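Residue-level structural notes
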Amino acid sequence: MPEVAQRVKNLPPYLFARIERLIEQKKAAGVDVISLGIGDPDRPTPEHIVAEAGRQLYNPAHHQYPSSVGMAAFRKAVADWYARRFGVVLDPGSEVVSLIGSKEGIAHIAWCYVNPGDTVLVPDPGYPVYAGGTILAGGEPYLMPLLPENGFLPRLEDIPTEVARRAKLMFLNYPNNPTAAVAERDFFATVVAFAREFDIIVCHDAAYTEIAYDGYRPPSFLEVPGAKEVGIEFGSVSKPYNMTGWRCGWAAGKADVVEVLGRLKSNIDSGVFQVVQCAAIAGLSGPQDCLAEVNALYKKRRDIAVAALREMGWVLNPPRATFYLWLPVPRGYTAESFAEHLIEGAGVVVTPGTGYGKYGAGYFRISLTLPTERLQEAFGRMKQLLGRVTF
Ligand SMILES: *Cc1c(COP(=O)(O)O)cnc(C)c1O
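Just so you know, these numbers come straight off a predicted model, no measurement behind them.

Together, Val4, Val8 and Leu11 make up a nonpolar patch on the protein surface, roughly 220 Å² of accessible area in all. Examined against the element boundaries, Leu11 turns out to sit in the loop between helix 1 (6–9) and helix 2 (17–28).

So, on to the site of the ligand. In the vicinity of the ligand, 14 residues are found, and the nearest of them are Asp205, Ser236, Ser238, Lys239 and Arg247. Note that an oxygen atom of the ligand is positioned 2.8 Å from one of the backbone N or O atoms of Ser102. With respect to the ligand, the side chain of Ser238 contributes an N or O atom lying 2.6 Å from an oxygen atom. For the ligand, the protein covers 94% of the area, taking 390 Å² as the surface of the free molecule. Across the shell around the ligand, the residue classes break down as four nonpolar, six polar and four charged.

Here a ring pair, both rings aromatic, is described through the centre-centre distance and the interplanar angle of the planes. One pass over the full model with this rule turns up 23 aromatic pairs. Centroid distance Phe338 to Phe364: 5.0 Å. Interplanar angle 55°. Geometry classified as tilted. Of this pair, Phe338 sits in helix 13 (residues 335–346) while Phe364 is found in strand 12 (residues 363–367), placing the two residues 26 residues apart along the sequence. When its relative accessible area of 0% is taken as the criterion, Phe338 is described as buried. The positively charged end of Arg320 is found above the aromatic ring belonging to Tyr216, 4.1 Å away from the centroid.

Quick look at the side chain of His204 now. Structurally, His204 is set in strand 6 (residues 201–205). The exposure class assigned to His204 is buried, which follows from its relative accessible area of 0%. Here Tyr174 takes part through its backbone nitrogen, which lies 3.0 Å from a polar atom of the side chain of His204. In this structure His204 touches Leu172, Asn173, Tyr174, Phe188, Phe221, Ile232, Glu233 and Phe234, once residues within four positions along its chain are discounted.

Turning next to the environment of Val163. Within the secondary structure, Val163 sits in helix 7 (residues 161–166). Among the residues examined, Val163 registers a relative accessible area of 5% and is labelled buried. For Val163, the residues in contact, after removing those within four places along its chain, are Thr119, Leu121 and Tyr142.

Next up on the list: the domain arrangement of the chain. Domain annotation of the chain identifies domain 1 (6–44 + 289–386) and domain 2 (47–285). Here the C-alpha centroids of domain 1 and domain 2 sit 26 Å apart. Of the residues lining the interface, 32 residues belong to domain 1; the matching set on domain 2 comes to 36 residues. The largest contributions to the domain 1 side of the interface with domain 2 come from Arg320, Thr322 and Tyr359, which together make up 23% of the buried area. On inspection of domain 1 and its partner domain 2, the count reaches three salt bridges. Asp214 is the salt-bridge partner of Arg302, the closest N and O atoms lying 2.9 Å from each other. For the interface between domain 1 and domain 2, the tally reads 13 residue pairs in polar contact (both at pLDDT 80 or more). Residues of the side of domain 1 that touches domain 2, tallied by class, amount to 17 nonpolar, seven polar and eight charged.

Pairing is mixed in the open sheet, where seven strands are placed in the order 2-8-7-6-5-3-4. Edge positions in the sheet fall to strand 2 (96–99) and strand 4 (140–145), since each has one partner strand and no second. When the angles between neighbouring strand axes are averaged without regard to direction, this sheet yields 25°. Bridge analysis of strand 2 against strand 8 (residues 249–253) gives four bridges, and the strand direction is antiparallel.

Residue pairs spaced three or four apart in an α-helix point in one direction, given the helix's 3.6 residues per turn. Here helix 10 (residues 255–265) has its buried residues at Val257, Val258, Val260, Leu261, Gly262, Leu264 and Lys265. Taken together, the buried residues of helix 10 touch strand 2, helix 5 (102–113), strand 6, strand 7 (231–236) and strand 8.

A separate point is the pairing of strand 8. With five of its five residues buried, strand 8 lies for the most part within the structure. A two-sided burial pattern is seen for strand 8, the buried positions comprising Gly249, Ala251 and Gly253 on one face and Trp250 and Ala252 on the other. Sheet topology places strand 7 next to strand 8; five bridges connect them, and they run antiparallel. Paired with Gly235 across the two strands is Trp250, which belongs to strand 8.

Cut-offs and rules
Residues numbered from 1 in each chain as written. Predicted model: local features only at pLDDT ≥ 70, side-chain atom pairs only at ≥ 80, totals over all residues. Heavy atoms only, no water. Patch = residues over 30% accessible without salt bridge, like charges linked within 9 Å, V, L, I, M, F, W, Y side chains within 5 Å. Areas by Shrake-Rupley, 256 points an atom, 1.4 Å probe, with all protein chains shown as cover. Salt bridge = Lys/Arg side-chain N within 4 Å of Asp/Glu carboxyl O. Helix = DSSP H or I, 4+ residues; strand = E, 2+ residues; numbered from the N terminus. Near = heavy atom within 4 Å. Polar contact = N/O pair within 3.5 Å; in protein donor to acceptor, adjacent residues only side chain to side chain. Nonpolar A, V, L, I, M, F, W, Y, C, P; charged D, E, K, R; others polar. Phe/Tyr/Trp six-rings, centres within 6.5 Å; stacked < 30°, edge-to-face > 60°. Buried < 20%, exposed > 50% of the residue type's maximum accessible area, 1.4 Å probe, protein only. Lys NZ or Arg CZ within 6 Å of the ring centre and 35° of its normal. Contact = heavy atoms within 4.5 Å. Domains from an automatic or database assignment. Buried area = accessible area lost by both parts, 1.4 Å probe. Pairing = 2+ DSSP bridges. Axes fitted to C-alpha atoms, helices over the stretch in contact; angles between N-to-C directions.

Take a look at the structure:
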């Protein structure tokens with residue numbers, strides 16, 4: 001057997017083998033395990049989107065290879081959506097490229113700009129694909145800590161000048177997974193200035209701009225003046241339209257970056273199944289009541305979770321966006337030992353913060369993407385096990 005390539009060996013080790021084993025043991029022993037660990041919408045894709053896909057499935061034109069950059073109609077639907085939702089003007093021909101889910105583009109963007117040894121600025125805790133894509137391209141992630149005292153925003157002034165000069169890309173993600181933090185336009189404006197000063201391409205992951213509560217409307221990075229000259233934004237129909245299984249997203253923004261990503265991808269994949277692109281168009285261009293409904297559902301679950309956690313002793317503000325809660329573990333536990341305690345004692349699975357990087361130590365993440373009764377059941381069991389917690 002040839003040895004596994006160094007780039008794969010360089011990927012971070014899988015941390016949760018022990019926790020996985022515990023879950024399997026519990027299930028084998030007949031315990032009804034409830035997972036609060038998975039960030040994947042539990043509701044089905046809205047009917048009008050599924051119906052459109054059903055109709056398009058019978059069009060033989062869609063049975064052939066798609067264009068690798070995306071159907072003109074799909075790229076126009078993304079551009080029109082940006083204009084309506086954010087007031088951002090995009091040229092669908094040069095400033096939008098389709099992706100097989102935004103994860104695919106996030107994983108591939110480093111291949112476009114990062115040479116072995118190059119630096120990429122990566123938020124920690126963060127979506128693991130930012131560091132993973134960087135490492136696969138031979139680059140070195142420089143971690144930007146996201147800490148509660150800074151509202152889980154990176155402190156750009158803490159990045160050493162020589163690191164900033166070396167950096168090719170900066171990943172950002174607001175509303176944020178896993179911390180549920182949000183960023184405002186003034187923060188994005190400082191990012192644009194920083195990127196200009198140090199010649200860095202900003203890669204903003206906007207997967208959660210449509211999952212928000214209490215009237216809050218998260219901004220796009222591309223709304224900020226100059227953003228389109230320094231970066232791109234990754235977007236996706238996965239979270240707003242319950243379409244994680246369909247695989248369709250986009251990168252939008254700086255035309256040369258979009259072109260290079262499209263060029264790389266034309267050597268790797270052959271685009272997104274056109275029926276899936278038609279379904280995404282139906283999501284972006286169709287009635288948006290489904291979005292209001294799913295957000296109302298997550299808000300109800302969020303409020304149940306916040307009330308239950310406060311009763312147990314957690315001090316927290318309800319998150320304004322995303323379907324996550326990012327919480328400190330009680331005194332005496334690490335992220336892993338607390339997760340193990342919850343599985344052992346309550347059959348409840350949460351994600352240890354260390355799964356999102358070293359600055360996730362001391363935290364755990366709860367996802368609201370499970371039926372409301374199951375969420376209530378999980379909190380009932382947690383209360384019984386934990387009583388009142390201290391920190
Ligand atoms: C869910 C998620 C995505 C979206 O992934 P898709 O590949 O578009 O399904 C991207 N970024 C973050 C941070 C996510 O949590």
